[in-house]
Structures are given as structure tokens and as C-alpha cells.
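Residue-level listing of the chains:
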Amino acid sequence: KPISAMPRNVSRSTGNLLEETEGVYQSPTNYLTKRDPLMMAPPLSMRQSVSPTPRRRSSLLVALSGMLSKSQSNLLDVGEEVFTVKAKSISEQLERIKSNLNKTAGIPPLDFTDWKELVPQSIVETLGKKEMEQQHHIWELITTEHNHITIISTVINSLLTCLKELHNENFLTKINVHDVFLNIERIREVHLAFWNDCIVPLIDTARDTGELLNPELLTESSILFEEDLNHPLFEYCIKYIESRSYIKSQQHKNNDFKEYINWCSNEIRVQHNKLGVDDILIKPIQRIQKYPILIRDILRKTSDDDTRSVIASFLEKVKVFVEALNRRKEEKEEQQKIEGIKERIESYSVLPSVSNNTNDQINQILNKYNKFDLADKVPLLNTQRKFLHETSCKLDSKLDSKTQDVTMFLFSDHILVTRPNKGSKKEKSTDCDSALIPLL
């Protein structure tokens, strides 16, 4: 019988092995499966070969089986190794990631521990008490700013980077990084801009000239105090409360995330004593509130009139920025309070119920104005509605002399009276005409 030719996809080494084993070229699949009648006919030089004997055929099978078993074994070993990597716990991943963290990235150098190292001793000895205190307040602003950038860098270099690495290892993939740390990286950018634009020239000038620290250099243009709706500090302050709620809820739902937060707390305490995750994430909000105090202290200890005028203008700019930030933050908090009240209250009608016998045209007119949204601004004044107080009380009925439990919500422009809705966790407005009482 004709012998099948060696397929083209058989390697040269496999062909040599078969030749050494059998003395003929034979398809490896020839004895494992049925012969393929469509297989290429062998060349004339090979047709003279003799079919292998049963003994040789059996040795060929042994050789091929050995090769197959070895390749399967290698595949199993690789599969077990891959499986072992994926099966690592989050604790092992945290320890592995911790050893590769660069904890000093983004922290600017500060080579001096006191402002007196910048100024010759002969000049320091001639300073009065007020000038000494002024230099002390300037240096306090410098050192606290450097410490603040260091703390933010800890969040980014250790906590944020670690969470991103865990995502790469398919851990905590359902946790949104931005919901946990918000735009903390952009916060560091604006503080580094203030450091490079204002503080570095201030230190370099004093070091190079041997003169006192000049507070006017702090007022150089910087994006840190630019009143812009897209300012990263605005976004951070407004969304901070939502971020903290997100972290707490995810800790209850996800044990791995809870372990990650505990690791973060331990990591922070190692680098910054007695600080926790909540303490370190609120730092950007606390820091921005301290600038007016620090600058005011410098202004009080400044004697030169021209310098006082420059610092006073800078202080006013900072105060305007902080007030705008607080205002935006308060508006966001009011919106969240009102949205929470809206979720507790079912839909209600502002105008009294209209009889079924009323003309359809009148109903259409009434429905046009029978709309009220607690989240809307106060009519005519165009100001944000504020929630002031909530209380429970009893409402007397003039018809049947009965009382009913009601909850009253006091807003800046009206009072909303509601009653509990049986069978529902929500409340609904009362059926009386005074469910919505205007105060304006």
C-alpha cells in the first residue's frame, strides 16, 4: 500500500525523529486516526519505502505519545502557575505593591529648617520684635504649605497608586477610583504651582541676596486663588461629602475594600502620626480655609506702607476666593438636603383638588400652574431655597375634632406640611388647603 507523505506542517526535527525511529517518513497522525484519502500522494522516491512492521509501528506510537505527554505536562504546569497568581489574596497583593511604591514622588525639596539659615546672623541681630514675628509668620506659611503638599503626595503615591495597581491585578475592579479620591491629583498640581511660582522665588531671593523674606513675592500670579468655576478645589469641596458616603457604603458591601481601607489607615499612620483616612482626605478643604489667617498674621506684622498695601490686596483676593468656595459648598449641601426631603415625600398638589364637574378648560389652566419643585430657586428672588427646620406635631381638624400626626418642613420661603402615608416609608402632603404655606 502507498505510504502517506509527511505533511508540510511537521517540523524538520519531528521528521528526523521519525526517520531515526522507523527508517521511513510517516505522518504522525497516520496511526492515531484513520487514513485520509485526500492526503497528498508521496513523491516517487518515497514510494519504494517499505511499510513499517508492527514492532516498528508500536515504537513510533511510544515516541509520539511521549512527546504529547510532555507538552501536556508543560501546559498543566503553566496553568497551575497562572492559577496560583490569580488566587493570591488582597493582603498579599497589598504587600507586594507596597514594596514597589515611590513615596517621595512629587514632593518639592525644602533644604532649610528655619528662615534664619537664609539671612546672615548680623542682620538677624539687628531686627526688632515685629520684624522677627513677620519673618516667623512667613516661614510658617512656607513650612505648612510644604507639609500639605507632602500629605497630598502620600495620598497619591501610596493610596491612589495602590488602588490602581489592584485594578490591574483584577482586585476591587468595581470600586471607582475617582469616587474615592476625587481629583486629588489636580489639587496637588495647583499647590505645586503656588510653590513654584511664589514660594521658590521667595526662598531663592532671600538666600541669594541675604535679605529678609519679602512677603510681596507671595502675591505673584498663581492659579491657586483664581476664582474659576472649574477650579479643582471647587469640585473637591462640593463632592467631598458624597465621596465619604461612597467609601462607607462600599466598606459595608465589600470586605476586600474594607481591608484596603484598613491598610491605607496603617500606611498613613506610619508616615503621618495619628492621622486616619478621613483626616487626610479632608486636608485640602481645611488648608484652603487657613490661608486668610496666615496672610492676615503677616499683614499685622508688616510695617512698610507699600508692602502692607500689596499684602492687603492679596488678602482680599484670597478671602473672595474662600467665600466663593464656601458658598458653592453650602449650596451643594442645601441641594442634597432638599433632595433627601423630596425622596421622603410623595407627589402632591400645590393647589386644592378640583371637582370632577369643573370645566376641562379650567383644569388645564390650573394644571399649568399646579407645579412646585423644592429644588427650584425662590420665585422672584432667584436665590437658592434653604431648608431650615423639621419637626413633628399634631394637626387639629375643624370638621371632626380629630387630630392627625404631621411633619412640618420649614424652608426659607414656605412651610410644607406632610402626614405619614400608611403602608409606605414615604410621607405625603396633607389634604388640607394649607399643605404649602408661603412665607413671602
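As shown above, the structure is provided for reference.
None of these values were measured; they are calculated from a predicted model. (Residues numbered from 1 in each chain as written. Predicted model: local features only at pLDDT ≥ 70, side-chain atom pairs only at ≥ 80, totals over all residues. Heavy atoms only, no water.)

### What about the pattern of salt bridges?
Piece 1. For the structure on display, the rule yields 18 salt bridges.
Piece 2. For glutamate 133, the salt bridge is made with lysine 301, and the minimal N-O distance between the two is 2.7 Å. Here lysine 301 lies in the loop between helix 12 (283-300) and helix 13 (305-344) and glutamate 133 lies in helix 6 (residues 129-168), a separation of 168 residues in the sequence.
Piece 3. The exposure class assigned to glutamate 133 is partly exposed, which follows from its relative accessible area of 25%.
Piece 4. Aspartate 405 is paired through a salt bridge with lysine 394; the nearest N and O atoms lie 2.7 Å apart. Of the two residues, aspartate 405 is situated in strand 2 (residues 403-411) and lysine 394 in strand 1 (residues 387-396); the sequence distance between them amounts to eleven residues.
Piece 5. By relative accessible area, which is 44% here, aspartate 405 ends up partly exposed.
Piece 6. Take lysine 394: its relative accessible area is 58%, and that puts it in the exposed class.
Piece 7. One connected set of salt bridges, linked through shared partners, spans Lys98, Lys103 and Glu267. (Salt bridge = Lys/Arg side-chain N within 4 Å of Asp/Glu carboxyl O. Helix = DSSP H or I, 4+ residues; strand = E, 2+ residues; numbered from the N terminus. Buried < 20%, exposed > 50% of the residue type's maximum accessible area, 1.4 Å probe, protein only.)

### Notes on the nonpolar core
Piece 1. Ile142, Leu166, Phe181, Leu213, Phe225, Tyr260 and Leu281 are the most contacted members of the largest nonpolar core, which totals 78 residues.
Piece 2. The element that contributes the greatest number of residues to this core is helix 6, accounting for 14 residues.
Piece 3. In contact with tyrosine 260, not counting residues within four places along its chain, are Ile90, Leu94, Leu159, Leu160, Cys162, Leu163, Leu166, Leu172 and Phe181.
Piece 4. Among the nonpolar cores identified, the runner-up in size contains eight residues, and Ile338, Leu374, Phe387 and Leu416 belong to it. (Core = buried A, V, L, I, M, F, W, Y, C linked by side-chain atoms within 4.5 Å. Contact = heavy atoms within 4.5 Å.)

### Details of the pairing of strand 3 (residues 414-420)
Piece 1. Within strand 3, six of the seven residues are buried, leaving the element largely enclosed by the surrounding structure.
Piece 2. Counting the residues in the hairpin turn of strand 2 and strand 3 gives two residues. (Pairing = 2+ DSSP bridges.)

### Regarding unusual backbone geometry
Piece 1. You will see that asparagine 170, though not glycine, has its phi angle at about 65 degrees, which is positive.
Piece 2. Relative to the helices and strands, asparagine 170 is located in the loop between helix 6 and helix 7 (177-181).
Piece 3. Taking the relative accessible area as the measure of exposure, asparagine 170 reaches 62% and is therefore exposed.
Piece 4. Here leucine 172, not a glycine, exhibits a phi torsion of approximately 55 degrees, which is positive.

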